[in-house]
Amino acid sequence: MAKTDSSPIAHEQRRPLSPHLQVYRFALTMAMSIMHRITGVGLYAGTLLLAWWLIAAATDASSFATANWFMGSILGRLILFGFTWALFHHMLGGVRHFIWDMGYGMEHPEREYLAQGTLIGGAVLTALVWIVAYSVR
Amino acid sequence: MAQDTGSMRTPTARVRHLGSARSGTHHAWMMRVTSLALIPLTIAFVWIVLSLVGKDYGAVRAMLGRPLPAILMLLFVPTGVYHMMLGMRTIIEDYVHAEHVKSWSLQANTFFCAAVGLACVYAILRLSFV
């Protein structure tokens, strides 16, 4: 075996290293795990928007109009769209974790189906909510 | 020295009587409990918000002040905030390793969640009673 690194420690004396992100082949389940965290952080930040909206509603008509103006703007709608998607994606991700907690769906084809189902389900529920929102507006 | 060879605890740990505080699974368990509660509560929240789309100020106030939406929101917000506090705690513990930064981040997480949660609860109660 060709020596390709410059470590002064002889190969057979080194401590075993646990594999890290960059040595894994890309897998959907891995991306979904990361997405679960990212959507969680997004929802965390999004609570500020919810708090703003509720406080504005509890304050007076002009505060509420300001909050409503922002949420109705292009940027506001983009953020709310992302929030809706993060909410559903994270919720379905949680359901997936429940399925695993009960001991199902961890083997090869099932875990891929669950990952795909979460992706598709999150997108479909988000689209559904926004279609309803635009049709009742 | 006579020792209980069946135990893996160190002699210091034994004399201090500091065993498991039985809180090791609390975080993981509360994550499951709040997750389960949040499934119906999230659906209820989305339903409430959807029913308010396009409504004017008076209608929104009236709707959020009604008992059922208010109670559902009062269940949703603290459950969600507690859930996200636990989640962010895990993220900080996973990625922040410098001891003082970690400690301050965890405190900031707790304070943020408490502030956001209480602000929302206050607003919901005010919409109901004022």
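Predicted model only: the values in this text are computed from it and were never measured.

Asker: Explanation requested: the overall build of chain A in the structure shown.
Answerer: Of the regular secondary structure elements, chain A holds 4 helices and 0 strands. When the elements of chain A are put in sequence order from the N terminus, they spell out α-α-α-α. Since a compact globule built from 137 residues should have a radius of gyration of about 14 Å, the 22 Å found for chain A marks it as more spread out than a globular shape. Seen along its three principal axes, the alpha-carbon backbone of chain A occupies a region of about 75 × 35 × 25 Å. Within chain A, buried positions represent 22% of all 137 residues. Intrachain contacts of chain A at a sequence separation of at least 6 include 67% that bridge at least 24 residues.

Asker: I would appreciate a short explanation of the confidence of the model for chain B in the present structure.
Answerer: As a general rule, the predicted coordinates of low-pLDDT regions are not to be interpreted in detail. Here chain B shows a mean pLDDT of 90. Residues at 70 or above account for 88%. For this predicted complex, the interface confidence comes out at an ipTM of 0.83, alongside a pTM of 0.84.

Asker: Honestly, the nonpolar core in this entry has me stumped. Any pointers?
Answerer: One recurring pattern in soluble globular proteins is that nonpolar side chains are buried together. Counting 33 residues, the largest nonpolar core has A:Leu54, A:Ala57, B:Met84, B:Cys120, B:Ala123 and B:Ile124 as the members making the most contacts within it. Of all the secondary-structure elements, those providing two or more residues to this core are helix H1 (28–59) and helix H3 (74–101) of chain A together with helix H2 (26–52), helix H3 (57–65), helix H4 (67–95) and helix H5 (99–129) of chain B.

Asker: Would you mind going over the interface of chain B and chain A with me for this structure?
Answerer: Many authors give the size of an interface as the accessible area that is lost as the parts come together. Contacts between chain B and chain A engage 24 residues on the former and 23 residues on the latter. Those elements that place two or more of their residues in the side of chain B that touches chain A are H2, H3, H4 and H5 of chain B. It is H5(B) that provides the largest number of residues to the side of chain B that touches chain A, a total of 7 residues. The residue makeup of the side of chain B that touches chain A, split by class, is 17 nonpolar, 4 polar and 3 charged.

The rules behind each value
Residues numbered from 1 in each chain as written. Chains lettered and ligands numbered in written order. Predicted model: local features only at pLDDT ≥ 70, side-chain atom pairs only at ≥ 80, totals over all residues. Helix = DSSP H or I, 4+ residues; strand = E, 2+ residues; numbered from the N terminus. Rg over C-alpha atoms; globule rule 2.2 N^0.38 Å. Buried ≥ 20, exposed ≤ 12 C-beta atoms within 10 Å, placed from the backbone. Contact = placed C-beta atoms within 7 Å. pLDDT = per-residue confidence, 0-100. Core = buried A, V, L, I, M, F, W, Y, C linked by C-beta atoms within 7 Å. Nonpolar A, V, L, I, M, F, W, Y, C, P; charged D, E, K, R; others polar.

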